[in-house]
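Spelled out from the first residue to the last, the chains are:
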Amino acid sequence: MVCGAKSIWGAAPQALHGERVLDTAAVLVPPGGVTHTMAKQLLVAYGLWALGGPLGLHHLYLGRDSHALLWMLTLGGFGAGWLWDVWHLPSWVAMANGAPVARTGPVPALSALRLAGQVLVGVYFGLAAALGLPGVPAMLAQPLAVGLGVQLVASVGDQTSEAPRTVATAFAASLLFQGRVLALLPISVAAAITAQRHRRYRHRGEPRPRLRARLYHLALALVAFAAPLACRGLSGALALARAVTELLLLPLRAGRLLAEVLGFSGGSQGCGAGVDRSEQQRRAFEVLGLPPGSSIEAVHRSYRELVKLWHPDHNRHRAEEAERRFIELLEAYEELAGPRRAPG
């Protein structure tokens with residue numbers, strides 16, 4: 001960490017993703033010979049990385065808003081990205097303080113790491129749309145979510161891409177893979193390739209919005225992402241707490257769903273072995289529309305009524321939603337009624 005600090009204050013160049021941060025002496029001592037104090041401090045950046053790194057606080061501090069939003073929505077790039085950041089903080093602090101960056105050409109170099117991140121986040125956003133918007137047609141919600149996820153990764157750092165082309169490619173690919181089990185993966189790959197083909201640097205000297213405007217835009221993006229998930233079963237004073245819980249648990253739920261789709265999990269029992277049993281029962285009561293601690297008779301009665309209501313044979317006009325709700329009812333009933341019947 002000491003070496004990293006020297007690399008900022010000294011004259012040694014830094015390398016980051018194929019770019020070279022030039023001698024920062026030119027920034028600290030301008031042609032007039034007056035020395036200026038750098039606005040961003042490396043120690044502060046490391047402190048924010050340690051305290052709020054998974055939520056992107058260090059990126060917000062350094063003006064890397066797209067990176068901060070990505071970390072907020074994925075809990076620090078699913079944890080791995082947050083740990084990887086520690087090696088790049090010195091260079092990012094130098095660039096935030098105006099250190100010039102030598103670009104390799106008019107177009108950024110192709111990054112396999114960024115491409116892989118675009119595919120992963122695209123699939124993750126598609127799974128989030130499937131979980132949070134079950135009533136919206138999959139042909140509309142999932143391609144849009146995949147395209148926006150890929151574009152968000154494309155906009156990290158000093159790069160960006162053509163958002164309309166990326167989203168349009170996601171919709172076109174969804175037409176080809178409609179109804180496939182692993183449709184999200186090829187859709188995300190196609191959108192990521194398009195984003196890479198149209199990658200470009202941001203224009204130098206773009207004015208940076210004020211902190212209030214930046215926080216406002218980040219809040220809007222967070223609400224747009226979390227609101228559909230929070231609306232599932234939210235009511236009364238628990239709405240805000242449930243929204244935060246849904247957002248924090250989303251990476252785990254999306255990973256569980258992806259594991260089940262890929263065949264790495266035998267279902268909810270295998271994936272939920274480490275989940276608190278009380279949370280499972282609370283969720284089961286919620287699915288059956290009952291308050292926690294309801295009697296076994298109430299469980300039987302609610303189950304019989306709801307299973308008739310959501311039976312797929314009676315809901316052919318909304319077969320996908322009915323099948324999902326029917327399975328949820330079966331699992332909830334097994335969770336609540338099964339253990340109680342076993343001793344008898």
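Numbering of residues starts from 1 in every chain and runs along the sequence as written. Local features in this predicted model are restricted to residues whose pLDDT is 70 or higher, and side-chain atom pairs enter the listing and the counts only when it is 80 or higher, whereas totals over whole chains, interfaces and linings include all residues. Here the side-chain values reflect all heavy atoms present in the structure, with hydrogen atoms and water set aside.

Some points on the overall build of the chain
So, point 1. In terms of helices and strands, the chain carries 17 helices and five strands.
So, point 2. Contacts are assigned to residue pairs with any non-hydrogen atoms lying within 4.5 Å of each other. Put simply, 67% of the contacts in the chain that link residues at least 6 apart link residues at least 24 apart.
So, point 3. Of the accessible surface of the chain, which amounts to about 19,100 Å², a share of 65% is contributed by carbon and sulfur atoms. Working definition: helices are DSSP H or I runs of at least four residues, strands are E runs of at least two. Numbering for both runs from the N terminus. Note that accessible areas follow from Shrake-Rupley with a 1.4 Å probe, and for residues the cover is restricted to the protein chains shown.

Considerations on the environment of F171
So, point 1. Take F171: it is sitting in helix α10 (residues 163-176).
So, point 2. Since its relative accessible area comes to 26%, F171 is described here as partly exposed.
So, point 3. Not counting the four nearest positions on each side in its chain, F171 is found in contact with M139, L140, P143 and L144. When a residue's accessible area, from a 1.4 Å probe over protein chains only, is under 20% of the maximum for its type it is buried; when over 50% it is exposed; and in between it is partly exposed.

Some details on a nonpolar patch on the surface
So, point 1. Patch construction takes residues with relative accessible area above 30% that form no salt bridge. Like charges are linked within 9 Å, and nonpolar side chains (Val, Leu, Ile, Met, Phe, Trp, Tyr) are linked within 5 Å. In what follows, salt bridge is the name for a side-chain nitrogen of Lys or Arg lying within 4 Å of a carboxyl oxygen of Asp or Glu. Taken together, the side chains of L182, L185, V189 and I193 present a nonpolar region at the surface, about 310 Å² in accessible area.
So, point 2. Following the sequence through the fold, L182 ends up in the loop between α10 and α11 (184-197).
So, point 3. On the accessibility criterion, L182 (40% relative accessible area) is partly exposed.

A few points about the pattern of salt bridges
So, point 1. In the structure shown here, the tally under the stated rule is eight salt bridges.
So, point 2. With a closest N to O distance of 3.0 Å, E286 and R282 form a salt bridge. Here E286 and its partner R282 are both found in helix α15 (residues 277-287), four residues apart, which amounts to about one turn of the helix.
So, point 3. Where R283 meets E328, a salt bridge forms, and the shortest distance between an N and an O atom there is 4.0 Å. Residue R283 is located in helix α15, and its partner E328 is located in helix α17 (residues 319-341); the two are separated by 45 residues in the primary sequence.
So, point 4. Members of the salt-bridge network, linked through shared partners, are R282, R283, E286, R324, R325 and E328.

Focus: helix α16 (residues 296-309)
So, point 1. Taking 1.5 Å per residue as the helical rise, α16 with its 14 residues ought to reach 20 Å, and the 20 Å between its terminal C-alpha atoms agrees with that figure.
So, point 2. Along α16, the residues classified as buried are I296, A298, V299, H300, S302, Y303, L306 and V307. One less than the residue count of a helix, multiplied by 1.5 Å, gives the span that helix is expected to have.

Here's the deal with the confidence of the model for the chain
Atom-level detail of predicted coordinates should not be read off regions where pLDDT is low.
So, point 1. Each residue carries a pLDDT score, the predictor's confidence in it, ranging from 0 to 100. Averaged over all residues, the pLDDT of the chain equals 77, while 75% of them reach at least 70.
So, point 2. Within the chain, the lowest mean pLDDT, 36, falls on helix α1 (residues 2-9), and the highest, 94, falls on α11.
So, point 3. The low-confidence segment residues 1-38 (pLDDT under 50) makes 59 contacts with residues lying over four places distant or belonging to another chain.
So, point 4. Within the model, pLDDT remains below 50 along residues 266-275, and this stretch shows 10 contacts once partners closer than five positions in the same chain are excluded.

So, the packing of helix α5 (residues 65-78) against helix α8 (residues 112-132)
So, point 1. Two numbers describe how α5 lies on α8: the axes approach to 12 Å, and their chain directions differ by 120°. With respect to each other, α5 and α8 are oriented oblique. Crossing of α5 over α8 shows right-handed handedness. Mapping the contact onto sequence places L70, L73, T74 and F78 in α5 and L120, V121, Y124 and F125 in α8.
So, point 2. When the residues that make up the contact of α5 with α8 are grouped by side-chain class, the tally is seven nonpolar, one polar and no charged. Here an axis means a line fitted to C-alpha atoms, over the contact stretch when the element is a helix, while the angle between two N-to-C directions is reported on a 0 to 180 degree scale. When describing relative orientation, an angle under 35 degrees is termed roughly parallel and one over 145 degrees roughly antiparallel, while 65 to 115 degrees is termed roughly perpendicular and anything else oblique. Helix crossings fall into two classes, left-handed where the near helix is turned counterclockwise from the far one by less than a right angle and right-handed where it is turned clockwise. Charged means Asp, Glu, Lys or Arg here, nonpolar means Ala, Val, Leu, Ile, Met, Phe, Trp, Tyr, Cys or Pro, and polar covers whatever is left, Gly included.

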